[in-house]
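Each chain is listed here by its residues.
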Amino acid sequence: MTQSRRAGSRSPAIRYPAARAGAGVQSPGTRSRDRHRDGGDVRDRASRSALQEQVRRGLIRAKPGGVADGARYAVQRRIEPFYKGGKVQASGDGQLLFCVCGSGVNVVDATSGNLVRTLQQEDQENITAFDLSPNNEILVTGSRALLLTQWAWREGNISRVWKAVHTAPVASMAFDPTSTLLATGGCDGAVRVWDLERRYGTHHLRGSPGVVHLVAFHPEPEQLLLFSSAMDCTIRVWGLQAGTCLAMLSSHYSPVTSLAFSDDGHTMVSSGRDKICTVWDLKTRTSVKTVPVFESVESVVLLPKGEAPALGMTTAGLHLLTAGDRGVLRVWEVESGNCVHTQKPILGEGGPGREITHCALVPAAGLILAVTAEHNILLYEAHTLRLHKQFAGYNEDVLDVRFLGPEDSHIVVATNSPRLKVFELETSDCQILCGHTDIIMALDVFRKGRLFTSCAKDQSVRVWRMNVSGKVHCIAHGSGHTHGIGTISCSRLKEAFLVTGSQDCTIKLWPLPEAVTSKKMTRDPNCDPVPLQAQATQRAHDKDINSVAVSPNDKLLASGSQDRTAKLWSLPDFSLLGVFSGHRRGVWCVQFSPTDQVLATASADGSLKLWGLQDFSCLKTFEGHDASVLRVTFVSRGTQLLSSGSDGLLKLWTIKSNECVRTLDGHEDKVWGLHCNRLDGAAVTGASDARILLWKDVTEEEQAEEQAQQEEQILKQQELSNLLQEKQYLRALGLAISLDRPHTVLIVVKAILKDVEGPKKLEEKVLRLRRDQKEALLRFSVTWNTNSRHCHEAQAVLGVLLRHESPEELLAYEGVRAALEALLPYTERHFQRVSRMLQAAMFLDFLWQTMKLPETSASPALQPL
């Protein structure tokens, strides 16, 4: 191993382009020159370090372009879970989606995917059922606290809350067509009907065994019929006029999952997990037809009558649309019992997570709403079943995330799933990509941004391309590792090759065939993926390989492993150049600097290290994370490091000063994904809390805002000086308060009180102040009152407030209790001092009066002549 290190120091492959001025790690020859280039008033390294220390402690503010400058990141956008399972319902016009998310219901814009409003339960208990009225005005939710909540959802307010009376949580609920009656089915086997206008329960229907998981009203309100189904696999028909069960419809051998009614109300279709759909005549309440569909059906929809050639509907009879565990929508002709159309799989057919758990027709929008077991929401055009929109309701653990597109207009996300998700940042539209058969572990993007790669636990690697319209398809795939692939890295200069690292402790080099970058492959999304073949394989480490990175010149490869080491290899022959040893635990991430001949490593020992590529020595160590450091990347043109850890924090490090200049707290769990865009002005992070955060470098905006505030302060201060010079004290008082200058306010108050009518003028001015200005004036008075020279002004201000403000208004002031506690002892002391002075003055007056000589007649000698 020692020989490989020495050989590496002489290898010509480690020659980088010369580092630009201002880079973070410099050779000894450049440090003396930079001493005179730092500029400003900082003349030497000692004064520069002292200035940085003062800035870090907040003693002084860094000037724009000074030594304390660096990237400042703020959250620009959040992609958070808005659906965690349960019911999804669309509004009547199809513009909004209502989704259950824990203890709340999220209202989502179906066009942009933006969260419009969250209706949060006051009891913080999970919601078990909800329903939106047909007139789109009332929303009712039921929670595990056995309470029903009625919402005026447009305003986000609760109209009323009442007890569900059920002895177990409500499992299902439905409105009648008039939006006045609400039926609830409970886990206690009871069905209850509520009149929402008169606010009382109208029916308590017993007889269902087990959980009542399905309730529905007849579409014709004058019928007053209610349908329910429980665990006995039968459908009960309740007559609300008599309050009794009119019929029990038996046909299924497993629980009934959904009911659908025809427009005329004469026909009903039921579906079940027994792989059949049953057509019922509601006049005779008998089974008319049984259609075997050969899959467990979760939802059935009766399509509108009429011809739809794209769906195989060429006759005017009844047609069903079924959705179930195959993950595709299928259309059935009831009369013949044949499947006339099968949708082309969007998410791949079959497999865990691809099952459709809910499906509904939105007639006004001409859409079909489908929900998958992975909490993806799909909107299809009703007449063609063409995908219209898709949203990811829940991302699970985010394992990796990358910017995508020439202008970073998209992000690609790898979650705890075999499917990739590509989000368009402008519209929140989501593409779900299938190809892998096991969890995707890592991603990387080529330089131009349209080509990216993925690797997974299925021991395969795939190459994907995004076309001009933003659609993504797989163009190449390869396999060869004997264990799951945990990391992948692309060539940097051009789309030439990719490197993978696996749990089998090997690294592989995969060259991209010319067919992958050909114009035919670029233009034709239906081309079959091209197979990839590994050109070179090397056993690199003794344990799992966590990270690989290709250098900016495509001549070097760095690898990091659980064996606590990072290694440097030459490309494409995988010759070992050196080993970086020093971490106490496994290395999670390796990253080359874009400007310097250094390598950054992040480890489970909670530290970051910078290594020199010439001698493989550790140049710097950064410690500050309280847990494992999972990802690291260079920002600010290589002068800073941005790291993420399993503590959910991001830390920004300045390489020159070896300090953490900022800590960003946005996640609640391990941050596995971290990537910066090409312009170095934005970053995206993904974590195990299912959140994806987009961070923006707001350095320029904050500096511009600070400069504008400083200019505004200067103008106000100049105006204040002019007012004081012109002795316009009344106008100067409000301006001095807004500038937060207590001493200037004191000078103004003293000047006002010097006037003969000073107390009256002060009273008028104080009463015209805003509440926040009065709070500031009271705070200033507390400080003045501690000094006997200024206590008279403080007492004058306090007297005005006490005379004209009610006790309730004074108690509403911010910090008034602490202010009163500080005023009382000093006021009492001043009162005692004034009392003593008054007594002394009275005693002097008494002495003066007693010492006066009695008035006598003038002496004759002194009389005038």
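Source: prediction; values computed, not measured.

Quick notes on the rules
- Residues numbered from 1 in each chain as written.
- Predicted model: local features only at pLDDT ≥ 70, side-chain atom pairs only at ≥ 80, totals over all residues.
- Heavy atoms only, no water.
- Helix = DSSP H or I, 4+ residues; strand = E, 2+ residues; numbered from the N terminus.
- Buried < 20%, exposed > 50% of the residue type's maximum accessible area, 1.4 Å probe, protein only.
- Areas by Shrake-Rupley, 256 points an atom, 1.4 Å probe, with all protein chains shown as cover.
- Polar contact = N/O pair within 3.5 Å; in protein donor to acceptor, adjacent residues only side chain to side chain.
- Contact = heavy atoms within 4.5 Å.
- Axes fitted to C-alpha atoms, helices over the stretch in contact; angles between N-to-C directions.
- Left-handed = near helix turned anticlockwise from the far one by under 90°.
- Pairing = 2+ DSSP bridges.
- Parallel < 35°, antiparallel > 145°, perpendicular 65-115°, else oblique.
- Nonpolar A, V, L, I, M, F, W, Y, C, P; charged D, E, K, R; others polar.
- Expected span 1.5 Å × (residues − 1).
- Phe/Tyr/Trp six-rings, centres within 6.5 Å; stacked < 30°, edge-to-face > 60°.
- Lys NZ or Arg CZ within 6 Å of the ring centre and 35° of its normal.
- Salt bridge = Lys/Arg side-chain N within 4 Å of Asp/Glu carboxyl O.
- 1 Å grid on protein atoms, 1.4 Å probe; cavity = no way out; pocket = protein on both sides within 12 Å on 5 of 7 lines; lining within 4 Å.
- Points joined across faces, edges and corners; volume = space filled by probe spheres on them.
- pLDDT = per-residue confidence, 0-100.
- Disulfide = S-S within 2.5 Å.
- Patch = residues over 30% accessible without salt bridge, like charges linked within 9 Å, V, L, I, M, F, W, Y side chains within 5 Å.

Novice: Even after reading the chapter, I still don't get the overall build of the protein, so can you show me in this structure?
Specialist: Along the protein, the regular secondary structure elements total 12 helices and 57 strands. Relative to its 865 residues, the protein shows a buried fraction of 52%. Here the protein has roughly 40,800 Å² of accessible surface; of this, 50% comes from carbon and sulfur atoms.

Novice: Help me understand the side chain of N546, please; the structure alone is not making it clear to me.
Specialist: Position of N546 among the secondary structure elements: in strand β43 (residues 545-550). A distance of 2.5 Å separates a polar atom in the side chain of N546 from a polar atom in the side chain of Q562. Contact partners of N546, with chain neighbours within four places excluded, come to G486, T487, G560, S561, Q562, V587 and W588.

Novice: In this structure, what is going on with the packing of helix α9 (residues 771-784) against helix α10 (residues 791-804)? I would like to understand it.
Specialist: When two helices pack together, you describe them by how their axes are tilted relative to each other and by the distance separating the axes. It is the contact of α9 with α10, at a shortest axis distance of 8 Å, that shows an interaxial angle of 145°. Here α9 runs over α10; the crossing is left-handed. Contact residues: K774, L777, L778, S781 and W784 in α9; C791, A794, V797, L798 and L801 in α10.

Novice: Whenever I open this one, the pairing of strand β47 (residues 587-592) confuses me. Can you help?
Specialist: Here β47 runs beside strand β48 (residues 598-603); their pairing, made up of five bridges, is antiparallel. Counterpart to C589 in the pairing with β48 is A602. Counting the residues between successive antiparallel strands, the hairpin from β47 to β48 contains five residues.

Novice: I would appreciate a short explanation of the packing of helix α6 (residues 729-738) against helix α8 (residues 758-767) in the present structure.
Specialist: Running from N to C, α6 and α8 point in directions that differ by 40°, and their axes come no closer than 10 Å. By the angle class used here, α6 and α8 are oblique. Like other packed secondary-structure pairs, α6 and α8 cross with a definite hand, here right-handed. On α8, the residues touching L730, R731, L733 and G734 of α6 are K761, L762 and K765. A per-class count over the contact of α6 with α8 returns three nonpolar, one polar and three charged.

Novice: Teacher, can you tell me more about α10 here?
Specialist: Count 3.6 residues to each turn of an α-helix, and residues three or four apart come out pointing the same way. Given a rise of 1.5 Å per residue, 14 residues ought to cover 20 Å, and the 20 Å separating the end C-alpha atoms of α10 matches this to within 8%. For α10, the complete set of buried residues consists of C791, E793, A794, V797, L798, G799, V800 and L801. If you follow the buried residues of α10, they end up packed against α7 (742-753), α8, α9, α11 (807-811) and α12 (816-851).

Novice: Looking at this model, I keep getting lost on the sheet that holds strand β19 (residues 267-272). Mind explaining?
Specialist: Strands pair in a sheet through their backbones, by hydrogen bonds, and they do so in one of two ways: parallel or antiparallel. If you trace the four strands from one edge of the open sheet to the other, you get β18-β19-β20-β21, paired in antiparallel fashion. Strands at the two margins of the open sheet, each flanked by one partner only, are β18 (256-261) and β21 (286-292). In this sheet, neighbouring strand axes are inclined to one another by 20° on average, regardless of whether the strands run parallel or antiparallel. Both β19 and strand β20 (residues 276-281) contribute to a ladder of five bridges, which runs antiparallel. Residue pairing across strands places S270 opposite T278, the latter belonging to β20.

Novice: Just checking my understanding: could you explain the packing of aromatic side chains for this structure?
Specialist: To describe a pair of aromatic rings, one takes the distance between the centres and the angle between the planes. This model, assessed by the stated rule, comprises nine aromatic pairs. Aromatic pair F622 and W653: ring centres 5.6 Å apart, planes at 65°, arrangement edge-to-face. Here F622 is found in strand β50 (residues 618-623), whereas its partner W653 is found in strand β53 (residues 649-654), with 31 residues between them in sequence. Here the two residues F622 and W653 agree in accessibility, since each one is buried. These aromatic residues form a ring-pair network of at least three members: F580, W611 and F616. Here K87 stacks its cationic end above the ring of F130, 5.3 Å away from the centre of that ring.

Novice: Is there a simple way to think about the pattern of salt bridges in this case?
Specialist: Side chains that differ in sign of charge can pair as their charged atoms come close. With the rule as written, the count across this model stands at 16 salt bridges. Across the pair R236 and D232 runs a salt bridge whose closest N-O atoms are separated by 2.7 Å. You can call R236 buried: its relative accessible area is 8%. The partner of R803 in a salt bridge is E763, with the nearest N and O atoms 3.8 Å apart. Here R803 is found in helix α10, whereas its partner E763 is found in helix α8, with 40 residues between them in sequence. When its relative accessible area of 57% is taken as the criterion, R803 is described as exposed. If you follow the salt bridges from partner to partner, you end up with D400, R402, D444 and R492 in one network.

Novice: Help me out: how do you make sense of the side chain of T257 in this one?
Specialist: Inspection of the secondary structure puts T257 in strand β18. For T257, a relative accessible area of 16% puts it in the buried group. A distance of 2.8 Å separates a polar side-chain atom of T257 from the backbone oxygen of V297. Within polar-contact distance, the side chain of T257 engages the backbone oxygen of E298 at 3.4 Å.

Novice: Is there a simple way to explain the sheet that holds strand β46 (residues 575-581) in this structure?
Specialist: Reading across the sheet, the four strands line up as β43-β44-β45-β46 and stay open at both edges, with antiparallel pairing between neighbours. The sheet terminates laterally at β43 and β46, the two strands that pair on one side only. Direction aside, neighbouring strands of the sheet carry axes that sit 20° apart on average. Looking at chain direction, strand β44 (residues 556-561) and strand β45 (residues 565-570) are connected through five bridges and run antiparallel. From the neighbouring strand, G560 faces β45, where its bridge partner is A566.

Novice: Help me out: how do you make sense of the pairing of strand β14 (residues 214-217) in this one?
Specialist: Residues in a regular strand point their side chains to alternate faces of the sheet. Residues L214 and A216 line one face of β14 and the alternating positions V215 and F217 line the opposite face, and both faces are buried. Strand direction decides the pairing type here: β14 and strand β15 (residues 225-229), joined by four bridges, are antiparallel. By the bridge assignment for β15, F217 is matched with L226.

Novice: Would you mind showing me how to read empty space enclosed by the protein here?
Specialist: Vacant regions in the atomic arrangement are exposed by a probe of water-molecule size rolled over the atoms. Tallying each qualifying case throughout the model produces one cavity of 30 Å³ or more. Its boundaries defined by the atoms lining it, the largest cavity holds a volume of some 30 Å³. Lining of the largest cavity is provided by A90, G94, L97, A110, V362, L367, L369 and L379. Here the lining of the largest cavity is composed, by residue class, of seven nonpolar, one polar and no charged.

Novice: When you look at the confidence of the model for the protein in this model, what are you seeing that I'm missing?
Specialist: For residues with low pLDDT, the predicted coordinates do not support detailed interpretation. Looking at the protein as a whole, the pLDDT averages 85, with 89% of positions reaching at least 70. Segment residues 1-68: pLDDT under 50, and 83 contacts once partners within four positions in sequence are set aside and those in other chains are kept.

Novice: Please clarify how the state of the cysteines should be interpreted in this entry.
Specialist: Put plainly, a disulfide is one covalent bond tying together the sulfur atoms of two cysteines. Tallied over the entire structure, the rule returns zero disulfides. You can see C455 has no disulfide; the closest cysteine sulfur is in C490, sitting 10.0 Å from it.

Novice: Explain the environment of R462 here, please?
Specialist: Looking at the secondary structure, you find R462 in strand β36 (residues 460-466). The sequence separation of R462 and V530 amounts to 68 residues, and the corresponding C-alpha distance is 9.6 Å. Sequence-distant contacts of R462, defined by excluding residues within four places in its chain, comprise G435, H436, F452, T453, S454, C474, A476 and H477. Within the structure, the side chain of R462 is placed 3.3 Å from the backbone oxygen of G435, a separation counted as a polar contact.

Novice: I would appreciate a short explanation of a nonpolar patch on the surface in the present structure.
Specialist: A cluster of nonpolar residues, F843, L844, F846, L847 and M851, forms a patch on the protein surface that exposes about 550 Å² of accessible area. Along the chain, L847 falls in helix α12.

Novice: I tried to follow the environment of S644 on my own but got confused; where do I start?
Specialist: Tracing the backbone through its elements, the reader meets S644 in strand β52 (residues 640-645). We classify S644 as buried; its relative accessible area is 0%. With 13 residues separating them in the primary sequence, S644 and R631 have C-alpha atoms 5.2 Å apart. In this structure S644 touches H625, V629, L630, R631, L649, L650, V671 and L674, once residues within four positions along its chain are discounted.

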